[in-house]
Amino acid sequence: MKITTALAGLVAVEGVVALNLQPELQSALQSVLKHSETQSRKPNILFVITDDQDLQLDSISYTPLISKHIRDQGTFFRNHFVTTALCCPSRVSLWTGRQAHNTNVTDVSPPYGGYPKFVERGFNDDFLPLWLQEAGYDTYYTGKMFNAHTVENYHSPYINGFNGSDFLLDPYTYSYLNSTYQRNHEPPVSHEGEHTIDVITGKALGFLDDALAGERPFFLAVSPVAPHSNVDPTNIASGKIYMSAPIPLERHEHLFHNVTVPRTANFNPDQPSGVSWVHDLPLQNQSVVDYNDHFYRSRLRALQGVDELVDGLVTRLEESGQLDNTYIIYTSDNGFHIGQHRLPPGKTCGFEEDIRVPLFIRGPGVAKGYGQDAVTTHVDLAPTFFHLAGIPARDDFDGTAIPVTPKFDGQRHEHVTVEYWGSGVLEGVYSSIGPGGSTFIPNNTYKSVRLLGEGYNLYYSVWCNNEHELYDLSTDPYQLNNLYQTSSQADSNEPQILGRSLTQAINRLDALLMVLKSCQGATCIRPWDVLQPVDSVSTLQDALKEDYDGFYGAQPQVSFDWCDAGYIVEAEGPQVPLTSRHGVSWDVWV
């Protein structure tokens with residue numbers, strides 16, 4: 001090491017050639033110095049985020065190059081969730097580390113969401129790429145950033161925070177063969193007739209070359225639109241938003257002819273499931289089922305272009321000598337369902353298919369070929385980028401850094417806060433089943449908590465019409481048996497959770513959701529501290545002790561006063577839980 005340091009100092013002054021060494025020795029010395037430089041600077045970060053990619057429907061089994069380069073060379077986070085199953089709110093939470101109820105960007109378009117809402121809320125001057133630049137990173141982005149970022153408003157204002165950017169713009173974002181991109185502060189450029197995946201591949205490799213040529217560590221985000229549905233921009237202009245199956249690259253059109261949607265127990269079930277409008281969906285006939293299979297195959301085919309894109313990026317990193325000093329993160333903005341619970345293609349629900357997404361991470365110190373069971377969420381990603389870059393976490397983060405390496409000793413949580421406002425969105429040719437043949441279902445607003453701990457695997461939700469769901473996924477992994485409707489049956493056959501009755505479990509889950517529905521910062525990470533700050537309670541199992549039955553039985557209940565299309569606090573019922581200040585003596589609260 002001392003020899004390397006001395007040589008580095010000498011070369012810095014005189015140059016390798018000035019040492020008058022044999023060519024072979026010069027080359028070896030240059031390699032040593034390059035390795036030393038790589039080891040001494042902060043790691044690079046390559047972030048790939050797809051659009052609407054499922055985990056539960058097994059799309060990851062059809063991307064062998066992504067598996068080869070990232071999953072097999074890194075860690076698969078098997079319990080990774082989004083906190084809002086819709087593109088723009090999920091992405092804003094990802095870029096800010098905050099729940100949607102704290103960003104108040106809750107939809108894909110104004111007045112409750114989209115790029116204009118992001119700007120209105122002040123985040124264009126206060127989000128991840130700017131924070132990384134302040135920490136010494138060069139930042140680059142290409143692909144889809146936000147919904148309602150358009151050919152009309154792209155400069156009002158320009159998106160901040162990137163040394164180089166080339167964004168997809170609405171209304172052409174989801175048009176696979178007629179996309180429009182906008183580079184840096186230049187005018188938008190139409191790529192009609194080109195496939196959007198080929199376009200973004202060229203742009204991503206170009207930005208990677210720019211990043212590798214720089215002297216600072218880099219953050220490069222690449223966001224292809226696949227496997228999102230195709231949307232014809234002329235339909236948007238006419239006010240008719242019809243989402244058809246994605247369009248693959250021509251070289252992939254022949255693939256997967258015999259592949260079908262996994263026939264799990266919740267695929268087009270004989271009996272209705274869920275609550276609210278989901279419970280009223282009709283049994284799908286064979287024509288609809290066949291179409292669902294076509295839609296599924298189209299998604300897998302569209303993902304082949306992403307597979308090749310990732311292969312190109314990793315190959316370029318390897319050629320540059322920077323691969324070993326680069327963290328590569330692969331995920332999606334939300335999941336997707338096709339036929340589960342009789343649903344047409346789409347997202348926007350709280351079911352596993354919609355909220356559980358792929359997350360693969362490889363890089364320095366990351367275990368190879370490892371599966372991590374820790375609960376992680378999209379609001380944990382910004383804190384994770386901070387951790388990887390050696391930046392102290394912000395107090396306003398609603399998440400905490402993901403355990404990227406086996407030696408990671410940071411704080412973890414067992415819960416996911418899942419929230420949604422507005423309409424359910426239906427896609428595909430059989431999607432016009434809403435009111436008046438609409439593809440939008442009103443009053444799809446709900447608040448939920450997804451909980452995974454030692455001996456329990458639960459989902460609890462309260463809808464804006466005050467219907468409830470409770471699923472025990474350890475015995476009902478496909479969420480077909482709503483336990484909430486049986487919780488008032490006090491008989492010996494009633495299911496139990498950790499040896500306690502459903503009523504006692506629901507009391508705890510509802511109180512936890514009461515905290516999470518409006519939590520901020522540390523209270524989102526450690527919600528039990530709000531409920532029982534002086535008791536040794538940090539999990540549902542702790543809270544289920546009989547000593548606390550009275551305390552939780554007296555809690556106000558999560559409820560809505562009315563259904564609204566956005567985050568309107570006045571519509572969302574009680575906001576503050578009771579707090580125990582006296583351990584098991586629960587008769588006094590503040």
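The following paragraphs examine the structure supplied in this document. (Residues numbered from 1 in each chain as written. Predicted model: local features only at pLDDT ≥ 70, side-chain atom pairs only at ≥ 80, totals over all residues. Heavy atoms only, no water.)

### A word on the nonpolar core
Line of reasoning, step 1. Of all hydrophobic cores here, the largest spans 67 residues; its most connected members are Leu46, Leu220, Val222, Trp277, Leu313 and Tyr330.
Line of reasoning, step 2. There are two domains that each give this core at least three residues, and those are domain 1 (46–408) and domain 2 (445–588).
Line of reasoning, step 3. When neighbours within four sequence positions are excluded, tryptophan 277 is seen to be in contact with Leu343, Cys349, Gly424, Leu426, Ile441, Asn444 and Trp463.
Line of reasoning, step 4. Membership of the second largest hydrophobic core comes to 43 residues, among which are Val92, Leu132, Ile159 and Phe397. (Core = buried A, V, L, I, M, F, W, Y, C linked by side-chain atoms within 4.5 Å. Buried < 20%, exposed > 50% of the residue type's maximum accessible area, 1.4 Å probe, protein only. Domains from an automatic or database assignment. Contact = heavy atoms within 4.5 Å.)

### Thoughts on the packing of aromatic side chains
To describe a pair of aromatic rings, one takes the distance between the centres and the angle between the planes.
Line of reasoning, step 1. On inspection of all chains with the given rule, the structure shows 32 aromatic pairs.
Line of reasoning, step 2. Through a chain of ring-to-ring contacts, three or more aromatic side chains come together here, namely Phe47, Trp95, Tyr141, Phe162, Phe167, Phe219 and Phe385.
Line of reasoning, step 3. Lying over the aromatic face of phenylalanine 336, arginine 299 brings its terminal NZ or CZ to 4.0 Å of the ring centre. (Phe/Tyr/Trp six-rings, centres within 6.5 Å; stacked < 30°, edge-to-face > 60°. Lys NZ or Arg CZ within 6 Å of the ring centre and 35° of its normal.)

### Details of the sheet that holds strand 18 (residues 468–472)
Line of reasoning, step 1. Across the sheet, which stays open at both edges, the 4 strands sit in the order 13-16-17-18 with antiparallel pairing between neighbours. With one partner strand each, in any of the chains shown, strand 13 (415–420) and strand 18 form the two edges of the open sheet. On average, each strand axis in the sheet is tilted by 10 degrees relative to the strand beside it, whichever way the strands run.
Line of reasoning, step 2. The sheet contact formed by strand 17 (residues 456–463) and strand 18 spans 5 bridges and is antiparallel. By the bridge assignment for strand 18, valine 462 is matched with histidine 468.
Line of reasoning, step 3. Along the sheet, helix 14 (residues 502–516) contacts strand 13, strand 16 (446–453), strand 17 and strand 18; its crossing angle with strand 16, the most-contacted strand, is approximately 115 degrees. (Pairing = 2+ DSSP bridges. Helix = DSSP H or I, 4+ residues; strand = E, 2+ residues; numbered from the N terminus. Axes fitted to C-alpha atoms, helices over the stretch in contact; angles between N-to-C directions.)

### Some thoughts on the pairing of strand 6 (residues 189–192)
Line of reasoning, step 1. Taken together, the 4 bridges between strand 5 (residues 178–183) and strand 6 define a ladder with antiparallel strand orientation. Following the sheet pairing, threonine 180 is matched in strand 6 by serine 190.
Line of reasoning, step 2. Connecting strand 5 to the antiparallel partner strand 6 that follows it, the hairpin turn spans 5 residues, and asparagine 184 within it adopts a positive phi of roughly 45 degrees.

### Topic: the state of the cysteines
Line of reasoning, step 1. Taken as a whole and judged by the stated rule, the model has 2 disulfides.
Line of reasoning, step 2. Paired through a disulfide, cysteine 464 and cysteine 563 show a sulfur-sulfur distance of 2.0 Å. Around the S-S axis, the bridge from cysteine 464 to cysteine 563 shows a dihedral of about 95 degrees and counts as right-handed. In this pair, cysteine 464 is assigned in the loop between strand 17 and strand 18 and cysteine 563 in the segment after helix 18 (549–553), connecting sequence segments 99 residues apart.
Line of reasoning, step 3. For cysteine 464, a relative accessible area of 4% gives the class buried.
Line of reasoning, step 4. Two residues share a disulfide in this structure: cysteine 519 and cysteine 524, whose sulfurs sit 2.1 Å from each other. (Disulfide = S-S within 2.5 Å.)

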